[in-house]
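What follows is each chain in one-letter form.
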Amino acid sequence: MEAPAVQTRAAARRQRQGLATPAGGTQEGPERRPKRRRPGHRIKENQEEEAAAAEAVFREVVSFSSDPLPDRYYDKNTTKPISFYLSSLEELLAWTPLMEDSFNVALEPLQHRQPPLRSPRPRTLLCHDMMGGYLEDRFIQGAEVETPYSFYHWQYIDIFVYFSHHTVTIPPVGWTNAAHRHGVSVLGTFITEWKEGGRLCEAFLAGDPRSYQAVADQLVQMAQFFRFDGWLINIENPLSPAAVGNTPPFLQYLTSQLHRQVPGGLVLWYDSVVRSGQLKWQDELNEHNQVFFDACDGFFTNYNWQEEHLERMLALVGERLADVYVGVDVFARGNVVGGRFDTDKSLERIRKHGFSAALFAPGWVYECLEKRDFFQNQDKFWGLLERYLPTHSICSLPFVTSFCLGLGKRRVCYGKEQGVGAWYHPSAQEVQPLFGEHQLAGHSQGWVTTQCCLADAWHGGSSLLIRGVIPPEAGGVAVRLFSLQVPVPPKIFLSLVYKLEGPSDVKVALELTTGDTGGCAIDNISVLSAETGSRHSPQPLRVPPTKLARWVGRCGQPLSGGWIQRCYVLSLRQCLLQDLFVSFSRPRGGQEEESFTCRLGEIQVVDADSLLAPLPQVQDVTVSQVRWLPLAPGPEGLLAGLRLSCTLHWSYPLRQVRGFRVHWWQRMRGASPNRGPPGPEKPMFLGLAFANQYRVVDLPVAAAGPGQDGQVEFVVEPVPREGFVVPQAEWGRAALVYSAPEARGLSA
């Protein structure tokens, strides 16, 4: 089965009508995106005197009539891009990727982690079911939300399922980006329910194999195109003998095709229908439903199990013990073990028998408890489960995180405030550390806690808050933030950005542990102790190396907002980087108990040689899908200003970026005075993009008067995976020049 070709709506319409369609396709790898379509009245002006040599200029005559954008892909009120679902079999079979679909394609590939998903050990699945789904998380470019739900304990889970009661639940791209960044697989949901679900199943399961193969092919193509990792199949309606007979072959075909097209792909079956076709939840894997388990990658049990169910399953599953995901309803509905803050009781029994666990709706801490206490309640919930959830390790470089949760009360860019106001953007979530409270071994009074902090940020909307106490008898305390399994290159660059609260003489340092891959040797670091010989404390640089000064010139200098940066360069040979710690030590000679409060703003671990490679430039920035709306009329019926919406596209190798920052500024051309809101005189931050495109929505700009042109310039700044600021020469640019229509006045 080939990858789905990307088509315009017109081409898809011609195909359905049986007409010839030009061959379409996609590029291989993350750069794949649909061809751009430009309205015919928009003219590229490469000879504009005012435009920079690399800046494309587009001309637009203001008009308040524009082609409507499809509701499936854009919010009908704002034209903001949105994630979507499908509600019928007809929609599924008719789906073909259009230009608009590419907004929902994940930027982040699934990162490698240890232990791998396929390893024979118990796994943890999180099934996200919240108030019907597609809430604020459906806004692909983010939303303004005061108290959004956020999940950030990724190091404990293996699989994330986005669940809703729509027939085809495609995971919103923000969840896929955040999960993949942490090495967590993401599944959508294919669900049928009630009488309508029965009719749908009869339509594709009761016939010949071509019917269910067509459905499976579409599900595989969706996972491949949107870059998530598979499906939870949930048939919650009775099936006829013909339909239930075809269900195992459907699962086998879907699973085999998904494995072929999506590396690491998964198909899981939910405990509902039995082999007779009855809808009869079993709360276990048994002889009535094993036929479905045998046809796919795993089995998700219903929630009303008791320990005897677990014991019976042991004799049945053989070597596939970890492929049984025992369901736990965190809301504790029905006759269940544990749930809510007693979910650890469920995990204890599941792990005792060696099964995987499927935690259904852990958003209970958000839905049912006080929103103002959400972070404390979430940390409490996962802290109670910690001993049953093995930590996973990050396995690749560069490793960079600002600890941003993908939300905040303001936006900060490297210590400088970019804007004030609540925001929520799941794709912007950075790699999260291990959270919790840690007691100092052998010392009853020494401790360290880690938690999210929205009060301050170095980059993004949040930082990591670390509080602790150094007891009198100890020289310091340390906390492990990340587990890694990274074969490191010969030379690595490390950086730590932090801020101590209040006057403090506590010393903050970055520490690491290494493993031996055949004679590990590290230059210029000290071994902490004989007992922990693989744990090291590198010495910070006073000045950055000459070759790296372009990137790390801030090292050792005061930073914006009172932040401090420590930089390190290490030469290594045959080493495996295993853990990252932050340590806090008392001043020399101190004997009293020492309390501290510290915020971490960023950690970087980068192959130093990668910083010497030339940077690509953002190219081919275009402006299309323009929509104008008037502001209130000003004096003499003239417009006081305009609101501009448009779509930007550009070209850039996506494997090299964490995302893009989009900026804008405005100037007027001609003799007439400006009317409307004055635009910024230098580029101002507009938004974040995690694809080679961005939808500008309702941007307030000045109206162009008679004999005058307005000009809005857009700037696209790439954010490399190494986390440094890219010189402006590598940014992409485009300008939109607009004028009033020749007809009388521009009145609303």
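Above this text is the structure in question.
Residues numbered from 1 in each chain as written. Predicted model: local features only at pLDDT ≥ 70, side-chain atom pairs only at ≥ 80, totals over all residues. Heavy atoms only, no water.

A. Quick look at the packing of aromatic side chains. Under the counting rule described, the total for this entry stands at 42 aromatic pairs. Their ring planes at 85° and their centres at 4.8 Å tell us that Phe-151 and Trp-154 sit as a pair that is edge-to-face. As far as the burial class goes, Phe-151 and Trp-154 line up, both buried. The positively charged end of Arg-411 is found above the aromatic ring belonging to Trp-423, 4.2 Å away from the centroid. The ring of Phe-581 is capped by Arg-535, whose NZ or CZ atom sits 4.4 Å from the centre of that ring. (Phe/Tyr/Trp six-rings, centres within 6.5 Å; stacked < 30°, edge-to-face > 60°. Buried < 20%, exposed > 50% of the residue type's maximum accessible area, 1.4 Å probe, protein only. Lys NZ or Arg CZ within 6 Å of the ring centre and 35° of its normal.)

B. View of the pairing of strand E13 (residues 356-360). Across the five residues that make up E13, a large majority, five, are buried. Residue alternation in E13 divides its side chains into two sets, Ser-356, Ala-358 and Phe-360 and Ala-357 and Leu-359, and both sets are buried. For strand E5 (residues 124-128) and E13, the ladder comprises four bridges, and the chain directions are parallel. The residue bridging Cys-127 from the neighbouring strand is Phe-360, located in E13. Crossover handedness for the path strand E12 (residues 324-329) to helix H9 (residues 343-352) to E13: right-handed. (Helix = DSSP H or I, 4+ residues; strand = E, 2+ residues; numbered from the N terminus. Pairing = 2+ DSSP bridges. Right-handed = clockwise from strand over helix to strand, strands pointing away.)

C. Just the state of the cysteines, in detail. Overall, the coordinates contain one disulfide when judged by the stated rule. The disulfide bridge from Cys-555 ends at Cys-567, spanning 1.7 Å between sulfur atoms. As the torsion about the S-S bond is roughly -85°, the Cys-555-Cys-567 disulfide counts as left-handed. Here Cys-567 lies in strand E26 (residues 564-585) and Cys-555 lies in the loop between helix H12 (549-552) and E26, a separation of 12 residues in the sequence. Look at Cys-555 and you get buried, because its relative accessible area is 3%. Exposure remark for Cys-567: the relative accessible area of 1% places this residue in the buried category. Free of any disulfide, Cys-453 has its nearest cysteine sulfur in Cys-452, 8.9 Å distant. (Disulfide = S-S within 2.5 Å.)

D. Region of interest: the pairing of E26. Where strand E21 (residues 476-487) and E26 come together, nine bridges link them in antiparallel fashion. From the neighbouring strand, Ala-478 faces E26, where its bridge partner is Ser-583. In terms of strand pairing, strand E22 (residues 491-500) meets E26 through eight bridges, oriented antiparallel. Its bridge partner being in E26, Val-497 is matched across the sheet by Gln-565.

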